[in-house]
Structure formats: C-alpha cells, structure tokens
Amino acid sequence: MKGQLFVISAPSGTGKSTLLREVRKRMTGLGYSVSHTTRKPRAGEQEGSDYYFVDKETFKRMADEGSFVEWASVYEDYYGTSFAALQGQLAAGLDVLLDLDIQGARAVKEHFSASVLIFLVPPSLEVLEARLRNRGTDEKEAIEARLKKAKDEIAAFSRYDHVVINDELEQAVTEVQAIILSERSRTERREPIIKELFGV
Ligand code: ADP
Ligand code: 5GP
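The shown structure was predicted, so the numbers you read here are calculated from the model rather than taken from an experiment. (Residues numbered from 1 in each chain as written. Chains lettered and ligands numbered in written order. Predicted model: local features only at pLDDT ≥ 70, side-chain atom pairs only at ≥ 80, totals over all residues. Heavy atoms only, no water.)

Undergrad: Is there a simple way to explain the sheet that holds strand β4 (residues 51-53) in this structure?
TA: Strands pair in a sheet through their backbones, by hydrogen bonds, and they do so in one of two ways: parallel or antiparallel. Read from one edge to the other, the open sheet built from four strands follows the order β4-β3-β6-β5, with strand pairing classed as mixed. The open sheet has two edge strands, β4 and β5 (68-74), and neither has a second partner. Sheet twist, expressed as the mean angle between neighbouring strand axes with direction ignored, is 25°. Direction of pairing for strand β3 (residues 35-37) relative to β4: parallel, over a ladder of three bridges. Opposite H36, over in β4, you have Y52 as the bridge partner. Each of β3, β5 and β6 (77-82) touches helix α2 (residues 56-64); the most contacted strand, β6, lies at about 40° to it. (Pairing = 2+ DSSP bridges. Helix = DSSP H or I, 4+ residues; strand = E, 2+ residues; numbered from the N terminus. Axes fitted to C-alpha atoms, helices over the stretch in contact; angles between N-to-C directions. Contact = heavy atoms within 4.5 Å.)

In structure tokens:
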C-alpha cells in the first residue's frame, strides 16, 4: 500500500463534517473512505459519496461475509468501513481520510498500525451544546445523549496521535492540513522518489 490512512474522530457536533469538507476541497491526493450505514440519509446527503445507505439485513450479511475492516453500533445504527472502500485508493497512492467513531479508530489502528489518528475536540462543552442546537438536525433528547457521551469520548484523547481544537474553523483546517502534509514528507514515504531522482 502506498497511501496513508488518516482517521479522524470527534464528539458529535464538534464540526468534523464541516472541517473534513474544507480539507478535502483544499488538498489534492486525498481520498475518502465512504462507510456503510443503516441510518437514514440526512438532507443533502448522497448515496455513495457521504455513505452507502443499506438496511440492517444487508449490513449484517456484509459483516458475516467479512467485508468490513471494522464496524460498530453507534446511536442504535450500524456503521462500517469496508475493505473495498480503502484498497483501491491506497493502491493508487492516495491518502485516505476516515471519519470514524472511537471504536472504529481503535480497530483501524490495530489493523493498519501505520495509520494516523486525529482527534477533534470543541473548545468547550458549552460551545458543543450550542453547535448541536444551532445545527438543528437533532431532537432535544438526541442532543442530551450526544453531550453525555462527549465527555466520555474526550477522555479517550490520549489514544490519538494528534489532537486539534476546533475553535476557529480556519485554524483547525490548517492544523489538519499540516498533519497530513508532515506525514507525506516522512522519510519512508519519500524513499522511492529520492531513489528515483538521485539513484542513491
Ligand atoms: P459533526 O460532523 O462533528 O457532528 P458538523 O460539521 O455537523 O459536526 O458541525 C456542527 C455545527 O457546528 C454545524 O452547524 C456547523 O456549521 C458548526 N461548526 C462547525 N465548526 C465550527 C466552528 N469552528 N465554529 C463555529 N461553528 C462551527
Ligand atoms: P453520523 O451519523 O453523524 O454521520 O455519524 C455518527 C458517528 O459514526 C460519527 O462519530 C462517525 O465518525 C461514526 N462513523 C461513521 N462511519 C463509521 C464507520 O464506518 N465506522 C465507525 N466505527 N464509525 C463510523
């Protein structure tokens, strides 16, 4: 595999989708791992680009067949990363972004030890609550459940290689880009091109 995996996790409402959209717009050489999920599409989400939306039966069959690198139950729905979503892009030399919860990040690291884990956090729990309310996609109970879970999730920060605080979006996007760029200049990644250029 020539590309690198970048896993990004965040408590729901932190701004991960917003940030990833920006990073993907600004950087070349970056693929995205489209997960399978049993949850219903939100307004504006597209089949095959945001997720592959499947029913529970199809999801379970794929899990039994070993199609997933990892899968997890998140907020009563199933989410999974298929081998197919990664392999083609990695072989083509693309770095691949994965948007996964904490369980998924852990499983990917176990499978692909070279993967880079980035944890995005809000500047405070109060700001997180405000973002969830302003987004307007979740019921009151769902917001409460997400806030309750956020603190436990944040407690897992030390399992990640990098932690980015999403206060000002522009700054957070720049930091994630910097992490990706610095991984690209690692000696192991540069070795083939240096050998080709200089015959050493
Ligand atoms: P997630 O994907 O982490 O659940 P979203 O990307 O849906 O979160 O963002 C949640 C809400 O917060 C959205 O309304 C989004 O526009 C807003 N948001 C994201 N990042 C910031 C930021 N840095 N400052 C202010 N609002 C933000
Ligand atoms: P959402 O429903 O908001 O798109 O995602 C809910 C949570 O599921 C987020 O934390 C997201 O990172 C996570 N998630 C999305 N796809 C996958 C996946 O393939 N595997 C795992 N483990 N988590 C995922």
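Undergrad: Explain the site of ligand 1 to me, please; I cannot follow it from the model alone.
TA: Neighbouring ligand 1 are 13 residues, the closest being G13, K16, S17, T18 and R135. A distance of 2.8 Å separates an oxygen atom of ligand 1 from a polar atom in the backbone of G13. A distance of 2.9 Å separates an oxygen atom of ligand 1 from a polar atom in the backbone of G15. With three residues, the single largest contributor to the shell around ligand 1 is helix α1 (residues 16-26). Per-class residue counts for the shell around ligand 1 are one nonpolar, seven polar and five charged. (Near = heavy atom within 4 Å. Polar contact = N/O pair within 3.5 Å; in protein donor to acceptor, adjacent residues only side chain to side chain. Nonpolar A, V, L, I, M, F, W, Y, C, P; charged D, E, K, R; others polar.)

Undergrad: Which parts of the structure should I look at to understand the packing of helix α5 (residues 125-135) against helix α6 (residues 140-154)?
TA: Each pair of packed helices can be described by the angle between their axes along with the distance between the axes. Two numbers describe how α5 lies on α6: the axes approach to 10 Å, and their chain directions differ by 145°. Judged by the sense of rotation from one axis to the other, the crossing of α5 with α6 is right-handed. Here L125, L128, E129, L132, R133 and R135 of α5 lie close against α6, whose contacting residues are I143, R146, L147, A150, K151 and I154. Its residues assigned to classes, the contact of α5 with α6 shows seven nonpolar, no polar and five charged. (Left-handed = near helix turned anticlockwise from the far one by under 90°.)

Undergrad: Can you help me understand the site of ligand 2 in this one?
TA: Taken together, 15 residues lie around ligand 2, and K16, R39, Y51, Y79 and D99 are the ones closest in. Between ligand 2 and R42, the relevant distance is 3.0 Å, taken from an oxygen atom to a side-chain nitrogen or oxygen of the residue. In this structure, an oxygen atom belonging to ligand 2 sits 3.2 Å away from a side-chain N or O atom of T81. About the coverage of ligand 2: the protein hides 91% of its 510 Å² of free accessible area. Listing elements by their share of the shell around ligand 2, those giving two or more residues are β5 and β6. Partitioned by chemical class, the residues of the shell around ligand 2 number five nonpolar, four polar and six charged. (Areas by Shrake-Rupley, 256 points an atom, 1.4 Å probe, with all protein chains shown as cover.)

So, to be careful, I would describe these as geometric facts and stop short of saying anything about function.
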